[in-house]
There are 2 protein chains.
Amino acid sequence: MSDLDPGQPWLEALKWDEQGMIPAIAQDAGSGRVLMFAFMNRQSLQETVNSGSAVYWSRSRQRLWRKGEESGHAQRVRSIRTDCDGDVLLLSIDQQGGIACHTGRESCFFHQLHGGLWVAVDPVLKDPKDIYGK
Amino acid sequence: MSDLDPGQPWLEALKWDEQGMIPAIAQDAGSGRVLMFAFMNRQSLQETVNSGSAVYWSRSRQRLWRKGEESGHAQRVRSIRTDCDGDVLLLSIDQQGGIACHTGRESCFFHQLHGGLWVAVDPVLKDPKDIYGK
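Rules of the game
Residues numbered from 1 in each chain as written. Chains lettered and ligands numbered in written order. Predicted model: local features only at pLDDT ≥ 70, side-chain atom pairs only at ≥ 80, totals over all residues. Heavy atoms only, no water. Helix = DSSP H or I, 4+ residues; strand = E, 2+ residues; numbered from the N terminus. Rg over C-alpha atoms; globule rule 2.2 N^0.38 Å. Buried < 20%, exposed > 50% of the residue type's maximum accessible area, 1.4 Å probe, protein only. Contact = heavy atoms within 4.5 Å. Areas by Shrake-Rupley, 256 points an atom, 1.4 Å probe, with all protein chains shown as cover. Lys, Arg positive; Asp, Glu negative; His and termini not counted. Charge placed at Lys NZ, Arg CZ, Asp CG, Glu CD. Least-squares fit on C-alpha atoms with pLDDT ≥ 70 in both. Pairing = 2+ DSSP bridges. Axes fitted to C-alpha atoms, helices over the stretch in contact; angles between N-to-C directions. Phe/Tyr/Trp six-rings, centres within 6.5 Å; stacked < 30°, edge-to-face > 60°. Lys NZ or Arg CZ within 6 Å of the ring centre and 35° of its normal. Buried area = accessible area lost by both parts, 1.4 Å probe. Salt bridge = Lys/Arg side-chain N within 4 Å of Asp/Glu carboxyl O. Polar contact = N/O pair within 3.5 Å; in protein donor to acceptor, adjacent residues only side chain to side chain.

Here we come to the overall build of chain A. Looking only at helices and strands, one finds three helices and eight strands in chain A. Ordered by position in the sequence, the α and β elements of chain A form the string α-β-β-α-β-β-β-β-β-β-α. Relative to the 2.2 N^0.38 estimate, which gives 14 Å for 134 residues, the radius of gyration of chain A is 16 Å and therefore close to what a compact globule would have. Projected onto its principal axes, the C-alpha coordinates of chain A cover approximately 45 × 35 × 30 Å. Burial analysis of chain A (134 residues in total) assigns 54% to the buried set. Pairs at least 24 apart in sequence give 44% of the contacts found in chain A among residues at least 6 apart. Split by element, the accessible area of chain A, about 6,300 Å² in all, is 49% carbon and sulfur. Each charge class in chain A was averaged separately, 15 positive and 17 negative side chains, and the resulting centres sit 6 Å apart.

Shown next as structure tokens:
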């Protein structure tokens, strides 16, 4: 956390949860599609602002997750908003490769409720094997 | 919870947190704007599906929150999606009155980060006093 200035008012104005996390929604600046939902801690948000590319906190891996570090599908950040409560972030981004989801789809929100079933309604644009290698 | 069938696979396919909640993003079907972020429990999601209008769980008031019950700014639900993890919902909605935020703005996401400050960048469309009465 050495590169993080704890005295930054914009950072401390946000409501961080008891784990020091804030949820973040990534929306494609071009298509308007909501692409994914993830978490940030202070360090990842600070790095996002500094670098201009989305950096999340991977709760499963317990480390910074520089989006695209393995897939190449980085997210250039155009703007960052927060809501009236300051407890969630909305990132307007340009999605490199047009694929945000690890399944090879544009958006992680590809299951739609139809007649009491979750149906995968979006196409796989690229085989995950070709994204992540073997 | 009497109107809730616990055996509904689509409901149990979702990942509910330890408080029985799932986050929900509401996106305007017309403009594509992300309007708000709130939580649902099983009962509120079931009622949302049954009624076609968004029902959230108010964590502050600890009760069902039928969006628009006080403001008139109800949300008609066009579709419900979940993400690849099944732990967040995305609602495509028609926002009655064109106002989702209790501040009288279209979207709750009206603060944008500019030069290290959160700046309110969207106009108030209606005085909250005129929305909620005195």
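Read on for the rest.
Our focus in this paragraph is the relation of the copies chain B and chain A. Overlaying chain B with chain A gives an RMSD of 0.0 Å, the required rotation being 180 degrees about an axis along which the chain moves by 0.0 Å. Taken together, these values place the two copies in the relation of a two-fold axis. Taking C-alpha positions as reference, the residue of chain B nearest the rotation axis is Gly32 of chain B, located at 2.9 Å. A share of 100% of interface residues in chain B that are also interface residues in chain A marks the association as one of identical surfaces.

One open sheet holds the six strands; their spatial order is E2(A)-E1(A)-E6(A)-E5(A)-E7(B)-E8(B), and the pairing between them is mixed. Here the strands that pair on one side only, and so sit at the sheet edges, are strand E2 (34-41) of chain A together with strand E8 (117-120) of chain B. In this sheet, adjacent strand axes meet at a mean angle of 35 degrees when their direction is disregarded. In terms of strand pairing, strand E5 (residues 75-82) of chain A meets strand E7 (residues 111-114) of chain B through two bridges, oriented antiparallel. Bridging from a neighbouring strand, Arg81 of chain A pairs with Gln112 of chain B of E7 of chain B. On top of the sheet, helix H2 (residues 42-51) of chain A reaches E2, E5 and strand E6 (89-95) of chain A together with E7 of chain B; it is set at about 120 degrees to E2 of chain A, its chief contact.

Looking now at the sheet that holds strand E7 (residues 111-114) of chain A. Pairing in this open sheet of six strands is mixed, and the strands run E8(A)-E7(A)-E5(B)-E6(B)-E1(B)-E2(B) from one edge to the other. Looking at the sheet topology across the chains shown, the edges are occupied by strand E8 (117-120) of chain A together with strand E2 (34-41) of chain B. Between one strand axis and the next, the sheet turns by 35 degrees as a mean value, whatever way the strands run. Alignment of strand E1 (residues 21-28) of chain B against E2 of chain B, held across seven bridges, turns out to be antiparallel. The residue of E2 of chain B that forms the bridge with Ile22 of chain B is Met40 of chain B. Across the sheet, helix H2 (residues 42-51) of chain B is in contact with E7 of chain A together with E2, strand E5 (75-82) and strand E6 (89-95) of chain B; its angle to E2 of chain B comes to roughly 120 degrees.

Residue and element names in this part refer to chain B. The set of residues buried in H2 consists of Ser44, Leu45, Gln46, Glu47 and Thr48. Buried-residue contacts for H2 involve helix H1 (9-12), E2, strand E3 (55-58), strand E4 (63-66), E5 and E6. Phi for Gly52, located one or two positions after H2, is positive at around 80 degrees.

Our next topic: the packing of aromatic side chains. Applying the stated criterion to the full structure yields seven aromatic pairs over all chains. Ring-pair connections join several aromatic residues into one group, and the members of that group are Phe37 and Phe39 of chain A together with Phe37 and Phe39 of chain B. Above the ring of Phe110 of chain A, the side-chain terminus of Arg105 of chain A is found at 3.8 Å from the ring centroid.

Right, let's get into the interface of chain B and chain A. Listed as interface residues are 33 residues of chain B and, on the opposing side, 33 residues of chain A. Summing both partners gives a buried area of about 2,900 Å² for chain B against chain A, and 68% of it is carried by carbon and sulfur. Taken together, the links from chain B to chain A amount to two salt bridges. Of the charged contacts in the structure, one is a salt bridge between Arg81 of chain B and Asp122 of chain A, with a shortest N-O distance of 3.0 Å. Our count for the contact surface shared by chain B and chain A stands at 16 residue pairs in polar contact (both at pLDDT 80 or more).

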